[in-house]
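# Geometric and topological summary
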Amino acid sequence: MIKLFKRSPLSARIGMLVIAVNLFVCIAAPLIAPYGETEVIGEVWESVSAPNSILGTDHLGRDLFTRMVYGARNTVLLAIGITALAFFLGIFFAFLAAVLGGWVNQLLSRSVDILMAFPTLIFALVVLSVLGTSVPSLVFVLMIPAATRVYRLARALAMNINVLDYVEVARIRGEGIFWVISREILPNTLSPLAAEFGLRFCFVFLFISSLSFLGLGLQPPTADWGGMVRENAGAITYGIMIPLIPAAAIAQLTVGINLVVDWFLHESAGRVPEEI
Amino acid sequence: MSDLLKITNLKIEAVRENRTKEIIKGIDLTLKRGEVLGLIGESGAGKSTIGLAAMGFCRPGCRIVSSSSIIFDGFEIMNATLAEKQNLRGTRIAYVAQSAAAAFNPAHKLIRQYTEGPVRHGIKSYPEAKKEAQALYKKLLLPDPDNIGYRYPHQVSGGQLQRAMVAMAMACKPDIIVFDEPTTALDVTTQIEVLAAIKKVTRELNTAALYITHDLAVVIQLADRIMVLRHGNLVEEGTSKQLLEAPREQYTRDLLSVRTFQKQVEDPGENKTPILEVQNLTASYRKNTPNVLKDINLKITRGKTIAIVGESGSGKTTLARAIIGLMNPKKGKILYRGKELPYALKRRTKDELRHLQMIYQLPDIALNPRQRIQRILGRPLEFYFGMKRSQRKKRVKELLDMVELPAKFINRFPPELSGGEKQRICIARALAAKPEIIICDEVTSALDQLVAEEVLKLLQNLQDELKVTYLFITHDLATVKAIADEIIVMLLGSIVEQGPREIVFNPPHHEYTELLLSSVPEMKLDWLDELLKSRREKEAARGNGKKFHDIESYLAVSN
């Protein structure tokens, strides 16, 4: 692990730093934030130079920096939770399908095909309008499409490993299916799956933000970056840059994660010849 | 006459993370027009790397040190631009790879791929090239030379495909062809055809060749001169005759003496109750498809080695898979100590599973790369015997000792081991279960000859010690000669001959057994020429138009 870190290029290290800072802010939010999440401290859209705040105030006069910090906590942690859940479900069913094959594989794969046939945004809008916007329904709506993508990748990876002789050796020994999945297949699919985790997290994160922007995500007064862009969008017409701050926050985390993922993919894919 | 290819002080480095390692350490090489030079050595000797360097090419991650010189027909390749090199490749220097199946584009017909080179380089028009391809296919003894080019790669056999690739290399009448193990992946009977074809065309067209192989017996048939390589160094160089009759270096002598290991004949007074019996086994992959195993009957005695010999497609691996429980046969019985085994793995008891173990051809994929040796060997101990941690550790060390590996390997991962060491770990894993029968599926085929011989000796010692029974599946008759007590010859899913080694290997043979035996290359000059000559005579004498490479005809005799 340390060896791997030493080999990492500068871009990946920057990405790791960005992720680390974000995670720290998530965990330590109440300690960092100078005010309460919904505390009104001043006038509407006070500028950065306002004396009692760092980044100014939002459309209700709440401290923008405080909202940013809590927004990180809400959005990032929700996205991590959803991605983890999607991975757990996706990988579990994918490995089952790959190892058992036959009708199990057919049933699972075709169900996933059907789910994938719905455009994610339409799917989200339909489900949210039926179930209403709550955190559990948000989790459901975001997790299902993500899990189908994970399923696809994990099944393909597992099928490649499943035909190798060491898996056959385990079967001949008489090992059960869960042993084969957890000890023989999972460890050998980890690096591409880890890269996929980073990528999938970005999509989920952006999707939460876009749903919040449409007013279907986390509901006010809970702070979240996508919602903050929408709430303060009006400020743009007055030449106030406040909505750009949460937008920039979304961008920095996405870019940071992608820097790490790129390096990860590069490591797991090996080198590309320069001249043929 | 000046040299066609002159390589001086060739050094090639592997580059990784700013560290370099020399893999070719200053090789000098010359090749005259029409001469065949054999490059021989174990894996890692650098023979393929030299072959590619002759074309000015280096695998990704390697680089030719700039002080090297590669002069082709008076032209320094080291100074050539990429475009100049590409112009040379295919037209004046051509390459024949080991695996024709991987080298052909499966989406295009053979003749399209043949004509691509000459047409692209603007040497010939498409109809010209096509006509030439047909003539060349004929010279290479391919069946139906006028039409075979219109098939796709998967529609011809492995040997035919390999010859089609030789034809493709010949397309632009190159001055040099680099043959990189062109027959290694082929069956012995097919190998003969390809060797004969290569010999014929290189002579007729006066083409120079670099012939790369690990098999000294093969290269002696073709090469005028041979260079023996090891770890990127030259060990010895000489004409084929010199090398065969008066090798100077010990390493060359070792290479010449492989395949001389032989098992001691045991006293026949042992009990003869079969430990494993197969009765009337018939199997196919799916319903309504042809049977891949046809009515197989065999008995295996405890403590013996039974070799199942056959070429690819003979059903020998399928038989092993059926016995071990990975394949459901259509009908027939598998009896272990007189008790019938269920077909499916899931319905066998732990003890039945334990007594049958398997060792695979490719140790690279038979060991989980993410598990330490401790875990790989410890798991069967835990699974079958419920051993505790400290017991396991002790036993794993014993097992490592049995396969002659140091105890410090316990904490290593498989990718840190060499091929031979990995195969020893596989053997230790099979032994961990204390099995009665070990099925060895081509266990030495992927190893270098000297390493393979060590592994065979180890297996033999273990048998003497533990009285374990081996079911040895192989296409390599030299291995069979070395280790088998009994031999079963399979052809297209049927057993054509079976019996003790002395009987099967001594004349009179079954016709197919004779074909197999005579096809094994011998360490003799002119072995190939003599064999081909005698076969032609026999074919003529028989007069029924039956060809030696017409495999299916042998089955008609046996039924």
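Here's a quick rundown of the structure. Only a predicted model underlies this, so the values are computations on that prediction, with no experimental measurement involved.

## What about the overall build of chain B?
Per the secondary structure count, chain B includes 22 helices and 21 strands. Principal-axis analysis of the C-alpha atoms gives chain B an extent of 70 × 65 × 45 Å. For chain B, with 559 residues in total, the buried portion stands at 55%. Sequence-distant contacts in chain B: of pairs separated by 6 or more residues, those separated by 24 or more amount to 68%. As displayed, chain B offers around 24900 Å² of accessible surface, 49% of which is attributable to carbon and sulfur atoms. Side-chain charges in chain B split into 83 positive and 67 negative, and the spacing between the mean points of these groups amounts to 7 Å.

## A few points about unusual backbone geometry
Residue and element names in this part refer to chain B. Even without a glycine there, the phi angle at Asn9 is positive, about 50°. Mapped onto the fold, Asn9 is located in strand E1 (residues 5-16). A residue is classified by how much of its surface remains accessible, and Asn9, at 33% relative accessible area, is partly exposed. At Glu404, a position not held by glycine, the phi torsion is positive, near 60°. Along the chain, the position of Glu404 falls in the loop between helix H15 (389-402) and helix H16 (419-432).

## Thoughts on the nonpolar core
Inside soluble globular proteins, nonpolar side chains tend to come together where they are buried. Residues and elements named next belong to chain B. Residues Leu319, Leu400, Ile425, Ile427 and Phe472 are the most contacted members of the largest nonpolar core, which totals 87 residues. Looking at which element gives the most residues to this core, the answer is H16, with seven residues. When residues no more than four places from it in sequence are discounted, the contact partners of Leu319 are Leu281, Leu293, Ile296, Leu298, Ile308 and Met490. In terms of nonpolar packing, the next biggest core, distinct from the first, is built from 54 residues, Leu140, Ala169, Ile192 and Ala197 among them.

## Structural notes on the environment of B:Phe383
Within the secondary structure, B:Phe383 sits in helix H14 (residues 373-385). Residues contacting B:Phe383, with those up to four places away along its chain left out, are A:Arg173, A:Gly174, A:Glu175 and B:Lys350.

## So, the interface of chain A and chain B
With 20 residues of chain A at the contact, the number on the chain B side is 30 residues. At the boundary of chain A with chain B, total buried surface from both sides reaches about 2300 Å², with 53% on carbon and sulfur atoms. At the boundary of chain A with chain B, the tally comes to two salt bridges. Of the charged contacts in the structure, one is a salt bridge between B:Arg379 and A:Glu175, with a shortest N-O distance of 2.6 Å. Linking chain A with chain B are 10 residue pairs in polar contact (both at pLDDT 80 or more), by the criterion used here. Broken down by secondary-structure element, the contributors of at least two residues to the side of chain A that touches chain B are helix H8 (165-173) and helix H9 (177-213) of chain A. Top element by residues in the side of chain A that touches chain B is H8(A). It accounts for seven residues. Each residue belonging to the side of chain A that touches chain B can be placed in one class, and the counts come to eight nonpolar, two polar and 10 charged.

## Side note on the pairing of strand E12 (residues 274-283) of chain B
Residue and element names in this part refer to chain B. Burial analysis of E12 places seven of its 10 residues in the buried class, which makes it a mostly covered element. Pairing between E12 and strand E13 (residues 293-301): six bridges, direction antiparallel. Among the inter-strand pairings, Glu277 is bridged to a residue of E13, identified as Lys299. Where E12 lies against strand E15 (residues 331-336), five bridges are found, and the strand directions are antiparallel. Residue Leu276 lies in a different strand from E15, and its bridge partner there is Tyr336.

## Topic: H14(B)
Between the first and last C-alpha of H14(B) there are 18 Å, a value that for 13 residues agrees with the 18 Å anticipated at 1.5 Å per step. Counting buried positions along H14(B) yields 10 of 13 residues, so the element is predominantly enclosed. By the burial criterion, the buried members of H14(B) are B:Ile373, B:Gln374, B:Ile376, B:Leu377, B:Gly378, B:Arg379, B:Pro380, B:Leu381, B:Phe383 and B:Tyr384. Those residues of H14(B) that are buried are in contact with H8 and H9 of chain A together with helix H12 (350-355), strand E17 (356-359), H15 and H16 of chain B.

## Observations concerning the sheet that holds strand E18 (residues 437-441) of chain B
Residues and elements named next belong to chain B. Here six strands make up an open sheet; going across it, the order is E17-E18-E19-E14-E20-E21 and the pairing mixed. A strand with exactly one partner marks an edge of an open sheet, and here the two such strands are E17 and strand E21 (494-500). Within this sheet the neighbouring strands show an average axis-to-axis angle of 15°, counted without direction. Where strand E14 (residues 305-309) lies against strand E20 (residues 486-491), four bridges are found, and the strand directions are parallel.

## Quick word on the pairing of strand E10 (residues 225-230) of chain B
Residue and element names in this part refer to chain B. With five of six residues buried, E10 lies mostly within the body of the structure. Where strand E3 (residues 36-40) lies against E10, four bridges are found, and the strand directions are parallel. Directly across from Ile40, in E10, lies its bridge partner Val228. Note that E10 and strand E11 (residues 233-239) share six bridges and pair antiparallel. The residue of E11 that forms the bridge with Val228 is Glu236. Between E10 and E11, which pair antiparallel and follow one another directly, the connecting turn spans two residues, one of which, His231, has a positive phi of 50°.

Conventions adopted
- Residues numbered from 1 in each chain as written.
- Chains lettered and ligands numbered in written order.
- Predicted model: local features only at pLDDT ≥ 70, side-chain atom pairs only at ≥ 80, totals over all residues.
- Heavy atoms only, no water.
- Helix = DSSP H or I, 4+ residues; strand = E, 2+ residues; numbered from the N terminus.
- Buried < 20%, exposed > 50% of the residue type's maximum accessible area, 1.4 Å probe, protein only.
- Contact = heavy atoms within 4.5 Å.
- Areas by Shrake-Rupley, 256 points an atom, 1.4 Å probe, with all protein chains shown as cover.
- Lys, Arg positive; Asp, Glu negative; His and termini not counted.
- Charge placed at Lys NZ, Arg CZ, Asp CG, Glu CD.
- Core = buried A, V, L, I, M, F, W, Y, C linked by side-chain atoms within 4.5 Å.
- Buried area = accessible area lost by both parts, 1.4 Å probe.
- Salt bridge = Lys/Arg side-chain N within 4 Å of Asp/Glu carboxyl O.
- Polar contact = N/O pair within 3.5 Å; in protein donor to acceptor, adjacent residues only side chain to side chain.
- Nonpolar A, V, L, I, M, F, W, Y, C, P; charged D, E, K, R; others polar.
- Pairing = 2+ DSSP bridges.
- Expected span 1.5 Å × (residues − 1).
- Axes fitted to C-alpha atoms, helices over the stretch in contact; angles between N-to-C directions.

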